[in-house]
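Working through the structure, step by step
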Amino acid sequence: MEESKYPCKVSLALMFRVFLRLGLTSFGGPAAHIGFFHDEFVKRRQWLSDSAYGEIVALCQLLPGPASSQVGLTLGFLQRGYAGAGVAWLGFTLPSALVMTLFALGFSFWPAGGEPGWIAGLKLFVVAVVAQAVWQMGRTLCPDRVRLALALAVAALLLVTGAAWIQVFALAAAGVAGASLHRPDKDVGAPLTLPVQGRWPLAFMAIFAVLLVLSLLPLGSGGLLWLGAEMFRAGALVFGGGHVVLPWLQESFVASGQMPTDTFLAGYGAAQAVPGPLFTFSAFIGTIEAGLTGAVVALVAVFLPGTLLVFAGLPLWGFVRRHPRARAALAGVNAGVVGLLLAALYDPVWTSAVHSATGLALVLILWAGLAIWRVPVWLLAVASALAGALAL
């Protein structure tokens, strides 16, 4: 199961260059990123086998946080330990984080008064993107009637209530239902070989638990400490990757009145158009809230919980893969994630973006571009902004 040392195969400089190139070219969201990583590290560079890579993906999808970024830092960890994980994360995240920060700096200078047409177009693009994410995740995570029913029940509960704590309760209830109904995902392949970590996983879990408790304390609104707490809590409780972070951050920054809905959705739409992880949307929010310092705080805070959980959870993967009921509970949580995203598709995404038949027509065209014609995401984002400027 374990080796006595890290398999140091490549230099940190080479690792940074490889992940930086992926950060500059990996369009399409988490599912596409996982495919890019497979082509680069399994097929081309042969850093690990197909079965080992499959286990990494399965583990990261079962943990809260940005799944594709967690896969990347795990690949770096297997090569060069914690330093390799940090280099992999930095290379993959830096390009989109810089773009989103610059977009926010420019956005803050946009003249007030009325919603520009290009923002309205980006908001319609978000409707199409989230609808496609619900469709894809539903097909993958809800392959039977039981999990489909769980997803719809979670969506109905959240649409009726909408409170942030209800989201946590709904996912926990979905996990309990999944375990009791015993509908596990299919078993994984050969065991993943992991480096020895000593007592570090316990330390990472303790740090995660302490920071999560601190993030739940009432801190008022505004300021860097509040921003970091909101971002950490979102990163710690988001199952399902970048698309699912939308309802959590919307509750924190829009429903609370801290940020206008138009600004929030314009930034989210822009995040779809750039390569790299969707969690760099946090850099946009942090910049709007507190400038460049806010961007750094938000970015680190939202990625930190997922990173801590990966390092703490790697040794536990052997337990999860051997116990069907544990996998069944996690399958129930994943079905709940689909319901969470389905509820967010209606509110705030649909209710704040679609106000006319023209808007609905543009959403249908954009969705067809994503689902049927496989048009690149960045190209559709640009097209939606132009269409909004001309038609809305």
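Residues numbered from 1 in each chain as written. Predicted model: local features only at pLDDT ≥ 70, side-chain atom pairs only at ≥ 80, totals over all residues. Heavy atoms only, no water.

1. Side note on the overall build of the chain
When its secondary structure is counted, the chain shows 16 helices and two strands. Looking at the chain as a whole, 54% of its 392 residues are labelled buried. For the chain, the share of sequence-separated contacts (at least 6 apart) that also reach a separation of at least 24 residues comes to 77%. (Helix = DSSP H or I, 4+ residues; strand = E, 2+ residues; numbered from the N terminus. Buried < 20%, exposed > 50% of the residue type's maximum accessible area, 1.4 Å probe, protein only. Contact = heavy atoms within 4.5 Å.)

2. Some remarks on the packing of helix H5 (residues 117-141) against helix H16 (residues 377-391)
Contact geometry of H5 with H16 gives a least axis separation of 6 Å together with a crossing angle of 135°. Judged by the inter-axis angle, H5 sits oblique to H16. The handedness of the crossing between H5 and H16 comes out as right-handed. Packed against H5, whose contacting residues are Gly 117, Trp 118, Gly 121, Leu 122 and Phe 125, the element H16 presents Val 377, Leu 380, Ala 381, Ser 384, Ala 385, Gly 388 and Ala 389 at the interface. Tallied by class, residues from the contact of H5 with H16 come to eight nonpolar, four polar and no charged. (Axes fitted to C-alpha atoms, helices over the stretch in contact; angles between N-to-C directions. Parallel < 35°, antiparallel > 145°, perpendicular 65-115°, else oblique. Left-handed = near helix turned anticlockwise from the far one by under 90°. Nonpolar A, V, L, I, M, F, W, Y, C, P; charged D, E, K, R; others polar.)

3. Focus: a nonpolar patch on the surface
A cluster of nonpolar side chains, Leu 159, Tyr 346, Trp 350, Leu 360 and Leu 364, forms an exposed patch at the surface whose accessible area comes to about 490 Å². Of all the elements in the fold, those that place two or more residues in the nonpolar patch are helix H14 (324-353) and helix H15 (357-371). Relative to the assigned elements, Leu 159 resides in helix H6 (residues 145-160). Its relative accessible area of 46% is what places Leu 159 among the partly exposed residues. (Patch = residues over 30% accessible without salt bridge, like charges linked within 9 Å, V, L, I, M, F, W, Y side chains within 5 Å. Areas by Shrake-Rupley, 256 points an atom, 1.4 Å probe, with all protein chains shown as cover. Salt bridge = Lys/Arg side-chain N within 4 Å of Asp/Glu carboxyl O.)

4. Thoughts on helix H1 (residues 12-25)
Under the 1.5 Å per step criterion, the end-to-end length of H1 is 20 Å for 14 residues, consistent within 8% with the ideal 20 Å. Burial in H1 covers these residues: Met 15, Val 18, Phe 19, Leu 22 and Gly 23. Summarising the axial view, the buried residues of H1 lie within an arc of 140°, below the 170-degree limit, and thus occupy one face. (Expected span 1.5 Å × (residues − 1). Arc of directions from axis to C-beta.)

5. A word on unusual backbone geometry
If a residue is not glycine, its phi is most likely negative; likewise, a peptide bond is most likely trans. If you check the backbone angles, Gln 46 has positive phi at about 55° while not being a glycine. Of note, the phi angle at Arg 374 is positive, near 55°, even though the residue is not glycine. Its location among the elements puts Arg 374 in the loop between H15 and H16.

6. A few points about the environment of Ala 361
Counting through the fold element by element, Ala 361 comes out in helix H15. Taking the C-alpha atoms as reference, Ala 361 lies 9.8 Å from Leu 124; in sequence the two are 237 residues apart.

7. Considerations on the packing of aromatic side chains
Here the structure, examined in full by the defined rule, presents 24 aromatic pairs. An aromatic cluster is defined as three or more aromatic residues linked by ring pairs; in this entry it consists of Phe 103, Phe 107, Trp 118, Phe 264, Tyr 268, Phe 281 and Phe 284. (Phe/Tyr/Trp six-rings, centres within 6.5 Å; stacked < 30°, edge-to-face > 60°.)

8. Focus on the confidence of the model for the chain
Residues with a pLDDT of 70 or more make up 88% of the chain, whose mean pLDDT is 83. Ranking the elements of the chain by mean pLDDT puts strand S1 (residues 2-3) last, at 41, and helix H12 (residues 281-313) first, at 94. Confidence drops under pLDDT 50 across residues 1-6; counting only partners more than four residues distant or on other chains, this segment forms 16 contacts. (pLDDT = per-residue confidence, 0-100.)

9. Things to note about the pattern of salt bridges
In this structure the tally under the stated criterion is seven salt bridges. Where Asp 39 meets Lys 43, a salt bridge forms, and the shortest distance between an N and an O atom there is 3.8 Å. You can see Asp 39 and its partner Lys 43 sitting in helix H2 (residues 30-44), four residues apart, about one turn around the helix. Taking relative accessible area as the criterion, Lys 43 reaches 55% and is therefore assigned exposed.

10. Examining helix H9 (residues 224-237)
Between its terminal C-alpha atoms H9 stretches 20 Å, which fits the 20 Å expected from 14 residues at 1.5 Å a residue. By the criterion of burial, H9 is predominantly enclosed, with twelve of the 14 residues buried. Those residues of H9 that sit buried are Trp 226, Leu 227, Gly 228, Ala 229, Glu 230, Met 231, Phe 232, Arg 233, Ala 234, Gly 235, Ala 236 and Leu 237.

11. What about the packing of H9 against helix H10 (residues 245-254)?
Helix packing geometry: the angle between the two helix axes and the distance between the axes. Running from amino to carboxyl end, H9 crosses H10 at an angle of 155°, the nearest separation of the two axes being 9 Å. Relative to H10, the element H9 lies roughly antiparallel. By crossing handedness, the relation of H9 to H10 is classed as right-handed. Here Trp 226, Leu 227, Glu 230, Met 231, Ala 234 and Leu 237 of H9 lie close against H10, whose contacting residues are Val 245, Trp 248, Leu 249, Ser 252 and Phe 253. When its residues are assigned to classes, the contact of H9 with H10 shows nine nonpolar, one polar and one charged.

12. Some thoughts on the side chain of Thr 263
Structurally, the position occupied by Thr 263 is in helix H11 (residues 261-273). Setting aside residues up to four positions removed in sequence, Thr 263 forms contacts with Phe 107, Phe 284 and Ile 288.

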